[in-house]
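The lines below spell out each chain.
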Amino acid sequence: MSAPSSVLVVGASAAGLSVAEHLRHRGFEGDLTVLGAEPTAPYDRPPLSKQVLAGAWEAERARLRDEVRLSELDASFVLGDPAVGLDAAGREVWTASGRRFGADAVVVATGVRHRALPGQDELAGAHVLRTLGDSLALRADLLGASRSVVVGEGVLGAEVAATARAMGVDVTMVGPQPAPMAAQVGPLVSARLAELHASRGVSLRLGVGVRELVGDAGRVVGVGLDSGEVLDTDAVLVAVGAVPNTGWLAGSGLELADGVVCDSRCRAADGIYAVGDVARWWHDDFGRLMRLENRTNATQQALTVAGNVLGEDHAFTPVPYFWTDQHDVKIQMHGVLAAGAAVSVVDGSLDEDRFVARYERDGRVIGVLGWNMPKQSGLRRKEIVAPLSDPAGPLETRK
Amino acid sequence: MKITVDEEKCCGAGTCVLTAPDVFDQRDEDGVVVLLDESPGADLQASAREAASTCPAQAILLSERA
């Protein structure tokens, strides 16, 4: 398609805002509209489980851009009015308040929402963490709590457990995996994470599922485990994964399956693109659909999407990357972790509390993880790039 | 173009080093950004701009006026 004269971005967080910026950087001078479900100016989410939750940053510091930079974008921001429908063929979007917006190109950047446990919405003191408001509400409850439970042993649960502990609150982390982030980083590093959290006073009750939240007079007072045990608590964070915000796209004509299904150009239909946590696009080098819920992907994918909106034709083939800060440890993970990958320490050592671990499968490097070695792990990223771009074909179908 | 970096915000992702290796580096000990060239020449400005806009921690600020 030729370059559009108007672009509508649905979603005003990191991915949506980045698309808008890249469009302008690349010389797009047409009408640019950004719709946001939340009333707040665009803000960044990684600090919500760390600096903002800890109170080290004022909420203002998590803003993605100040007013001057937002106005320099020369975009029309429509905030606090969620999109509720899309006509893909007509490239028209309508919102909760009944406004309708049409454009030559539409970019879907509506992100994900966190899963809650049954009955959670009716219980004070039981939280999810996705928005700035969520972070401030959880912080307020933690400040008044002596005991807390984090349900979920993934990245978010582990980060919040560390932050809450640093706030002086007793924390118990529960979840079905044997160790924190076991699915993301494998046994060697997750065992190391378990040691880290335990050494800082986080109680780990892992390898057991959660059955229910226990309430009393409308307030959460306990977390019931599958073992029958109930952990008494004053506050709970539920971090058991997220689901793409695609409900508003039902009947739109787009294919929805764990996200907005896109081709390798992040294109969901003619003139319709998806970006960020909500996008499930075809990764040419892996040879499969992929959806990444991480901050780095939001801005990298935005760069490709903005170019493709303007008539370029680039496949999006990133090396997946995420980082997490827990207690005083910085972890960087490049690539992917396949079940059964062989893991070896290639820089530093476990004893020094600084190391780079390399993940290999079938003799190929598929991931690199840095533990307190951000620069060194980044330098080894190229060991993943070569096998990914192998002319022998997509990684996941290669023998 | 004038570049400033916020060391406290930096998460050590190294995206800037991949994008603009002549402008940014990282400290060996903790991965925090090191600014090699705060006023890059015309040939480096496009990559510096991309590094700033793709920094996942919003730790790089550009001023085009200086």
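Within an unreviewed UniProt entry, the label attached to chain B reads Ferredoxin, and the organism entered is Halosaccharopolyspora lacisalsi. Entered under Cofactor (unreviewed entry) in the UniProt record, the comment concerning chain B runs "[3Fe-4S] cluster". Per its UniProt entry, chain B bears the Function (unreviewed entry) comment "Ferredoxins are iron-sulfur proteins that transfer electrons in a wide variety of metabolic reactions."

As annotated in an unreviewed UniProt entry, chain A carries the name NADPH-dependent 2,4-dienoyl-CoA reductase/sulfur reductase-like enzyme and comes from Halosaccharopolyspora lacisalsi. Word for word, the UniProt comment on chain A under Cofactor (unreviewed entry) is "FAD".

It is worth spelling out the sheet that holds strand 4 (residues 83–87) of chain A at this point. All names here are of chain A. Spatially, 3 strands are ordered 4-5-6 in an open sheet, and the strand pairing comes out antiparallel. Each having just a single partner strand, strand 4 and strand 6 (100–102) make up the two edges of the open sheet. Ignoring strand direction, the axes of neighbouring strands in this sheet form an average angle of 20°.

On to the packing of aromatic side chains. All names here are of chain A. Enumeration according to the criterion identifies 2 aromatic pairs over all chains in this entry. Between Phe355 and Trp371 the ring centres are 5.6 Å apart and the planes differ by 10°, which places this aromatic pair in the stacked class. With Phe355 in strand 26 (residues 354–361) and Trp371 in strand 27 (residues 364–371), this residue pair connects regions lying 16 residues apart in the sequence. Side by side, Phe355 and Trp371 carry an identical accessibility label, which is buried. Here Arg61 stacks its cationic end above the ring of Trp57, 4.7 Å away from the centre of that ring. A cation over a ring is seen here: Arg192 above Trp371, with NZ or CZ 5.7 Å from the ring centre.

Further remarks concern the interface of chain B and chain A. Each partner contributes to the interface: chain B provides 26 residues, whereas chain A provides 25 residues. Of the roughly 2,100 Å² buried where chain B meets chain A, counting both sides, 46% is carbon and sulfur surface. Taken together, chain B and chain A are joined by 4 salt bridges. Among the ionic pairs, Asp28 of chain B bridges to Lys375 of chain A, the shortest N-O distance being 3.0 Å. Taken together, the elements giving at least two residues each to the side of chain B that touches chain A come down to helix 1 (15–19), strand 2 (24–26), helix 2 (42–54) and strand 4 (60–63) of chain B. Its residues placed into classes, the side of chain B that touches chain A shows 8 nonpolar, 7 polar and 11 charged.

Once that is clear, we can look at the pattern of salt bridges. Residues and elements named next belong to chain B. Throughout the structure, instances matching the rule amount to 32 salt bridges over all chains. Note that Asp30 is salt-bridged to Arg27, the shortest N-O span being 2.8 Å. Overall, the relative accessible area of 23% leaves Asp30 in the partly exposed class. Residue classification places Arg27 among the partly exposed residues on the basis of a relative accessible area of 25%.

Take the domain arrangement of chain A next. Each assigned domain of chain A is listed with its residue range as follows: domain 1 (6–111 + 245–310), domain 2 (115–241) and domain 3 (328–383). With centres defined by C-alpha atoms, the gap from domain 1 of chain A to domain 3 of chain A works out at 31 Å.

Each strand in a sheet pairs with its neighbour through backbone hydrogen bonds, running either in the same direction (parallel) or in the opposite one (antiparallel). Residues and elements named next belong to chain A. Reading across the sheet, the 5 strands line up as 9-16-10-11-12 and stay open at both edges, with parallel pairing between neighbours. What marks the edges here is a single partner per strand, and that holds for strand 9 (126–127) and strand 12 (203–206). Note that strand 10 (residues 147–151) and strand 11 (residues 170–175) share 5 bridges and pair parallel. Residue pairing across strands places Arg147 opposite Asp170, the latter belonging to strand 11.

Rules used throughout
- Residues numbered from 1 in each chain as written.
- Chains lettered and ligands numbered in written order.
- Predicted model: local features only at pLDDT ≥ 70, side-chain atom pairs only at ≥ 80, totals over all residues.
- Heavy atoms only, no water.
- UniProt positions renumbered as here; feature names shortened; annotations may be inferred.
- Pairing = 2+ DSSP bridges.
- Helix = DSSP H or I, 4+ residues; strand = E, 2+ residues; numbered from the N terminus.
- Axes fitted to C-alpha atoms, helices over the stretch in contact; angles between N-to-C directions.
- Phe/Tyr/Trp six-rings, centres within 6.5 Å; stacked < 30°, edge-to-face > 60°.
- Buried < 20%, exposed > 50% of the residue type's maximum accessible area, 1.4 Å probe, protein only.
- Lys NZ or Arg CZ within 6 Å of the ring centre and 35° of its normal.
- Contact = heavy atoms within 4.5 Å.
- Buried area = accessible area lost by both parts, 1.4 Å probe.
- Salt bridge = Lys/Arg side-chain N within 4 Å of Asp/Glu carboxyl O.
- Nonpolar A, V, L, I, M, F, W, Y, C, P; charged D, E, K, R; others polar.
- Domains from an automatic or database assignment.

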